[in-house]
Amino acid sequence: MTGSIAALGAGLAVIGAGIGIGQIGGKAMEGISRQPEAAGKIQTAMIIAAALVEGVALFGVIVALLGNK
Amino acid sequence: MDFSHILNSKKITLSVVLGVFLTVFTCKAFAIQEKQVPEAAVENKETSKFDPSATILEHIGDSHYFHVGGHIAFPLPVILYTDKGLEIFSSERFEEGEKAYQGKYYQYALIKDKVKAVVADGKTIDETATVIDLSITKNVASMWLSVLLLLIIFFSVASSYKKRVGKAPKGLQSLLEPVILFIRDDVALPNIGYKYHRFMPLLLTVFFFILINNLIGMVPFFPGGSNVTGNIAVTFVLAVVTLIVVNVNGNKYYWKHIFAPDVPFWLYPIMWVVELAGIISKPFALMVRLFANIMAGHVIVIALISLIFIFKTLGIAPVSIAFTLFIDVLELLVAFLQAFIFTMLMALFIGSAVEEHHH
């Protein structure tokens, strides 16, 4: 087996982000279906929260990239 | 200064900007000469595999040359502050990193894209020399271009506000007014409160600086494509500005919350450590978030393009281009989003430092 263990780290980071963004998306859908008139506001908040989660995942990717050198 | 005539005229404004940029930064473009390599080396080169990670790291990193395309690059000035004095010369002297250059005080060479003082053989790093590199690199040049663009845009908008008092906005002004109002009404006001007025210049500057650098970074041809906001030094400075602004404007409630929170006194030592870590970690998160997002965007785009060279077939090209287009559209969203999130979190931190106590 060849390769770097850093790739495993990047994969683990992506799992975390997947769970996070999945939760955010799911709850936003729920919120929109309960209150369709608030869809715009919910979407904005959802995108911000998703970007924050993605940021944390990218921390992991960066560390993996640095560890790969 | 009034630059509005530049943008109000029907002529293409980009040529003016590019003209200024090129006069400032370049003496002459040069064609990189095909190197004379021995036969064996050529064979070796053909059989050697394409290395995507080296390509990616080269593209997202900084450089002493501004590549236009193919084998054409603009050399940029190298400014070195050594322990013996200042050295200024063009990066053309290195001839694409092939040769060492004998400066006034030391001999210099490009080692892994960094200027290093070397000993006589031109390969080994001279450990005795202290060299601080203050060069105008690709990122600096690109950042100056974006600053120039911002100055032209905002001086023209400001002058049209002066000229058109009480009238509806026009042209560029009507493009930017909603964005500025958005920063004021949806970012500054809710997060900072009634004292928002003092921080508006800072928030607007940071927002438009990050936004324009993100957008210029997405342009795939010269003079775009440099990874300015995806460079940790740039985001570090932005984060340090946030750190200073938040702590200088912190009122007594902010400092009381840090040094004398409402907890039993024997918890104070722990709370101090936690709160001081909080002061540092907030700007740190800002720094890494912007850096990682923009850098990851560049990496993904180049990795997808690299697929063509990894599979060595044109058949994969349509797939690769389609994915790249998709990622580029996503990155357009990310460019706005990251500028917005940076500004919003900055406003939030400032707000937490200036808010009045309410219990």
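Residues numbered from 1 in each chain as written. Chains lettered and ligands numbered in written order. Predicted model: local features only at pLDDT ≥ 70, side-chain atom pairs only at ≥ 80, totals over all residues.

Draft legend 1. Structural context of the sheet that holds strand S7 (residues 107–111) of chain B. All names here are of chain B. Ordered by their spatial adjacency, three strands build an open sheet running S6-S7-S8, and the pairing between neighbours is antiparallel. Of all the strands in the sheet, just strand S6 (101–102) and strand S8 (114–118) have a single pairing partner and so form its edges. Pairing analysis gives five bridges linking S7 to S8, with the strands arranged antiparallel. By the bridge assignment for S8, Leu 110 is matched with Val 115. (Pairing = 2+ DSSP bridges. Helix = DSSP H or I, 4+ residues; strand = E, 2+ residues; numbered from the N terminus.)

Draft legend 2. Just the confidence of the model for chain B, in detail. Residues and elements named next belong to chain B. In this model, chain B carries an average pLDDT of 81, and 85% of its residues clear a pLDDT of 70 or more. Averaged over each element, pLDDT in chain B is lowest for strand S1 (residues 30–31) (44) and highest for helix H8 (residues 232–248) (94). Under a pLDDT of 50 for its full length, residues 26–46 has, in the predicted model, 13 contacts with residues more than four places off or in other chains. Across the interfaces of the predicted complex, the ipTM metric reaches 0.72, alongside a pTM of 0.80. (pLDDT = per-residue confidence, 0-100. Contact = placed C-beta atoms within 7 Å.)

Draft legend 3. Main features of the sheet that holds strand S4 (residues 77–82) of chain B. All names here are of chain B. Taken in spatial order, the three strands of this open sheet run S5-S4-S9, and their pairing is antiparallel. The two strands at the open ends of the sheet, each matched to only one other strand, are strand S5 (86–90) and strand S9 (131–133). Taken pair by pair, the neighbouring strands of this sheet meet at an average axis angle of 25°, ignoring direction. The sheet contact formed by S4 and S5 spans five bridges and is antiparallel. Counted as the bridge partner of Ile 79 is Ile 88 from S5. (Axes fitted to C-alpha atoms, helices over the stretch in contact; angles between N-to-C directions.)

Draft legend 4. Expanded view of the packing of helix H10 (residues 268–311) of chain B against helix H11 (residues 317–354) of chain B. Residue and element names in this part refer to chain B. The interhelical angle for the contact between H10 and H11, taken along N-to-C directions, is 170°, at an axis separation of 9 Å. Considering the angle they form, H10 stands roughly antiparallel to H11. From H10, Lys 282, Leu 286, Leu 290, Asn 293, Ile 294, Gly 297, Ile 300, Val 301, Leu 304, Ile 305, Leu 307 and Ile 308 reach across to H11, where they touch Ala 317, Ser 320, Phe 323, Thr 324, Ile 327, Asp 328, Glu 331, Val 334, Gln 338, Phe 342, Leu 345 and Phe 349. The residue makeup of the contact of H10 with H11, split by class, is 16 nonpolar, five polar and three charged. (Parallel < 35°, antiparallel > 145°, perpendicular 65-115°, else oblique. Nonpolar A, V, L, I, M, F, W, Y, C, P; charged D, E, K, R; others polar.)

Draft legend 5. Representation of unusual backbone geometry. The phi angle at B:Lys312 is positive, at roughly 55°, despite the residue not being glycine. Along the polypeptide, B:Lys312 turns up in the loop between H10 and H11.

Draft legend 6. The arrangement of the environment of A:Val14 in detail. Note that A:Val14 resides in helix H1 (residues 6–34). When the C-alpha positions of A:Val14 and A:Leu58 are compared, they lie 8.4 Å apart, and in sequence the two are 44 residues distant.

Draft legend 7. How the structure looks around the environment of B:Ala129. When you line up the elements, B:Ala129 lands in the loop between S8 and S9. For the pair B:Ala129 and B:Lys116, spaced 13 residues apart in the sequence, the C-alpha separation amounts to 9.0 Å.

Draft legend 8. Broad picture of the pairing of S4(B). Residue and element names in this part refer to chain B. With antiparallel pairing between neighbouring strands as the criterion, S4 and S5 make up a hairpin whose turn holds three residues, including Gly 85 at a positive phi of roughly 150°. The pairing of S4 with S9 spans three bridges and is antiparallel. What sits directly across from Tyr 81, in S9, is Ile 132.

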